[in-house]
Amino acid sequence: MISYASVVPAQRTGGHGAAEVEAVSAIERYRELVALAGESVERVRAADRARVRQLLERLAESQDRMAEVIDQEKLVRQVVAEHWEAVVGLLWDERWFTMTTVPAPDESVPPRDQREYNTALDLAFRALEESLQKRALFRKGA
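Residues numbered from 1 in each chain as written. Predicted model: local features only at pLDDT ≥ 70, side-chain atom pairs only at ≥ 80, totals over all residues. Heavy atoms only, no water.

1. Regarding the environment of L91
Summarising the element assignment, L91 is placed in the loop between α1 (26-90) and α2 (114-141). Taking relative accessible area as the criterion, L91 reaches 4% and is therefore assigned buried. Residues in contact with L91, not counting those within four places in the same chain, are W96, F97, M99, L128 and L132. (Helix = DSSP H or I, 4+ residues; strand = E, 2+ residues; numbered from the N terminus. Buried < 20%, exposed > 50% of the residue type's maximum accessible area, 1.4 Å probe, protein only. Contact = heavy atoms within 4.5 Å.)

Structure, rendered in C-alpha cells:
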C-alpha cells in the first residue's frame, strides 16, 4: 500500500502537527502531471500549426509579389529596348552620334516607384523627338 506523506514539513506547522492535506496517491499525481504535459504539448502544437499557416500565407504572398516584379521587370526591359531602337532610328542620320548597344542599368540611381522611372523615360524620349523635329524644321527652312 502507498503511504501518504504531508507536503508541509513539520517545522512549518508550528509544532501543532501536520496540516490537513488531502492525500493524493503518487499514481494520481503522475496522471495529473502527464495530463498537464499532454495539454501543454497540444497547445504548443496548435500554436505551431497556426504559425505554419501564417508563414505559408506570407510565403505565397511573397511568391506572388515576386512573380509580379519579375513580370514588371520583363515589361520594363521590353519598353526600354523599344525606346532604344526608336532612338537609334531617330538618330541614324546624325553623324555625331555613335551607335552602341543598350547601356546597362545605372544602379546608383536612388530607388523610387517604377512609375516615376517610366514617366521619366517617356518624357526623355518625347523631348528627344521634339528636339529632332525642331532641328529638322530649322534645317529645311534655312
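2. So, the layout of surface pockets
In this structure, the largest pocket occupies an estimated 1,200 Å³ of space. Along its surface, the largest pocket is lined by 29 residues, and V76, V80, P105, Q114 and Y117 are the ones closest to its centre. Only α1 and α2 provide two or more residues apiece to the lining of the largest pocket. Of the residues that constitute the lining of the largest pocket, the class distribution is 17 nonpolar, four polar and eight charged. (1 Å grid on protein atoms, 1.4 Å probe; cavity = no way out; pocket = protein on both sides within 12 Å on 5 of 7 lines; lining within 4 Å. Points joined across faces, edges and corners; volume = space filled by probe spheres on them. Nonpolar A, V, L, I, M, F, W, Y, C, P; charged D, E, K, R; others polar.)

3. What to know about the side chain of H83
Of note, H83 is situated in helix α1. Residue classification places H83 among the buried positions, given a relative accessible area of 15%. At 3.3 Å, the side chain of H83 and the side chain of D122 are in polar contact. Look past the residues within four positions of H83 in its chain and what remains in contact with it is L121, D122 and F125. (Polar contact = N/O pair within 3.5 Å; in protein donor to acceptor, adjacent residues only side chain to side chain.)

4. Some details on the pattern of salt bridges
Counted according to the given criterion, the structure contains six salt bridges. The shortest N-O distance in the salt bridge between E116 and R112 comes to 3.9 Å. With relative accessibility at 46%, the residue E116 sits in the partly exposed group. Of the charged contacts in the structure, one is a salt bridge between D113 and R115, with a shortest N-O distance of 2.7 Å. Classification of R115 by relative accessible area gives exposed; the value is 62%. (Salt bridge = Lys/Arg side-chain N within 4 Å of Asp/Glu carboxyl O.)

5. Here we look at α1
With 65 residues, α1 extends 94 Å between its outermost C-alpha atoms, agreeing within 8% with the 96 Å of an ideal straight helix rising 1.5 Å per residue. Three or more residues of α1 are buried, namely H83, W84, V87 and V88. (Expected span 1.5 Å × (residues − 1).)

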